[in-house]
Amino acid sequence: MKAQEQVSWGWGPKQFLPQLWIHYKLQQPDYEELWAKQNGQCAGCKVDFAHPTKKEMRFGVKPEVDHLHVEGRRCEKQDVRGLLCRPCNQLLGRIRDSKEHLNNLLEYLKSHGDI
């Protein structure tokens, strides 16, 4: 898998926070709660994130907000599940959040000795 782009902490206070509200109805305290719950790591692969607003001499990948896709309405705060890196978020999107599909892929890898 291609390595994700590493960015420095403090990469997006002006653009990131307004987008949290526009797309997910999250405010900064809501985001900080998600961050703390996941220890600043992707819920899937555990890669370290770069915090968007705290400036520190550290690097990580940009987090993406994972949410339920509810047909017929815009995403709301209660639809947010957590933070994922781009590849993990894209994987869930590609399998349409199907647990069955994910389990089938896991069994497939096991059957080929890859796990």
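Nothing here was measured: the structure is a model prediction, and the numbers come from that model.

**Brief notes about the confidence of the model for the protein**
When pLDDT is low, close inspection of the predicted coordinates is not appropriate. On average, the protein scores 92 in pLDDT, and the residues at 70 or more come to 97%. When mean pLDDT is compared element by element in the protein, strand β4 (residues 80-84) scores highest at 97, while helix α1 (residues 13-24) scores lowest at 89.

**Overview of the packing of aromatic side chains**
Applying the stated rule across the entire model yields five aromatic pairs. For the ring pair W11 and F16, a centre distance of 5.1 Å and an interplane angle of 65 degrees mean the geometry is edge-to-face. When its relative accessible area of 18% is taken as the criterion, W11 is described as buried. Given a relative accessible area of 12%, F16 falls into the buried group. The interplanar angle of 75 degrees and the centroid separation of 5.2 Å between the aromatic rings of F16 and Y31 together place this pair among those described as edge-to-face. Residue F16 is located in helix α1, and its partner Y31 is located in helix α2 (residues 28-37); the two are separated by 15 residues in the primary sequence. By the ring-pair criterion, three or more aromatic residues cluster together here, those being W9, W11, F16, Y31, W35 and F49.

**Some remarks on the side chain of D30**
Positionally, D30 belongs in helix α2. In terms of polar contacts, D30 uses its side chain to reach the side chain of K77, at 2.9 Å. Setting aside chain neighbours within four positions, we find D30 in contact with K25 and K77.

**Concerning the nonpolar core**
By size, the foremost hydrophobic cluster in this structure holds 21 residues, and its most contacted members are L20, Y24, L26, F49, V65 and L83. Breaking this core down by element, the ones donating at least two residues are α1, α2 and β4. If we ignore the near neighbours within four places in the chain, the residues touching Y24 are Q19, V65, H67, C75, E76, K77 and V80.

**Description of the pairing of β4**
The element β4 is extensively covered by neighbouring structure, given that four of its five residues are classed as buried. Pairing of strand β3 (residues 64-67) with β4, which is carried by four bridges, proceeds in the antiparallel orientation. What sits directly across from V65, in β4, is L83.

**Some remarks on α2**
Burial in α2 covers these residues: D30, Y31, E32, L34 and W35. Just downstream of α2 lies N39, where phi reads positive at about 55 degrees.

**Topic: the environment of C45**
Assignment of secondary structure puts C45 in the loop between α2 and β2 (59-60). Considering only alpha carbons, one finds C45 and L68, 23 residues apart in sequence, at a separation of 19 Å. Here C45 is in contact with C85 and C88, once residues within four sequence places are set aside.

About the thresholds
- Residues numbered from 1 in each chain as written.
- Predicted model: local features only at pLDDT ≥ 70, side-chain atom pairs only at ≥ 80, totals over all residues.
- Heavy atoms only, no water.
- pLDDT = per-residue confidence, 0-100.
- Helix = DSSP H or I, 4+ residues; strand = E, 2+ residues; numbered from the N terminus.
- Phe/Tyr/Trp six-rings, centres within 6.5 Å; stacked < 30°, edge-to-face > 60°.
- Buried < 20%, exposed > 50% of the residue type's maximum accessible area, 1.4 Å probe, protein only.
- Polar contact = N/O pair within 3.5 Å; in protein donor to acceptor, adjacent residues only side chain to side chain.
- Contact = heavy atoms within 4.5 Å.
- Core = buried A, V, L, I, M, F, W, Y, C linked by side-chain atoms within 4.5 Å.
- Pairing = 2+ DSSP bridges.

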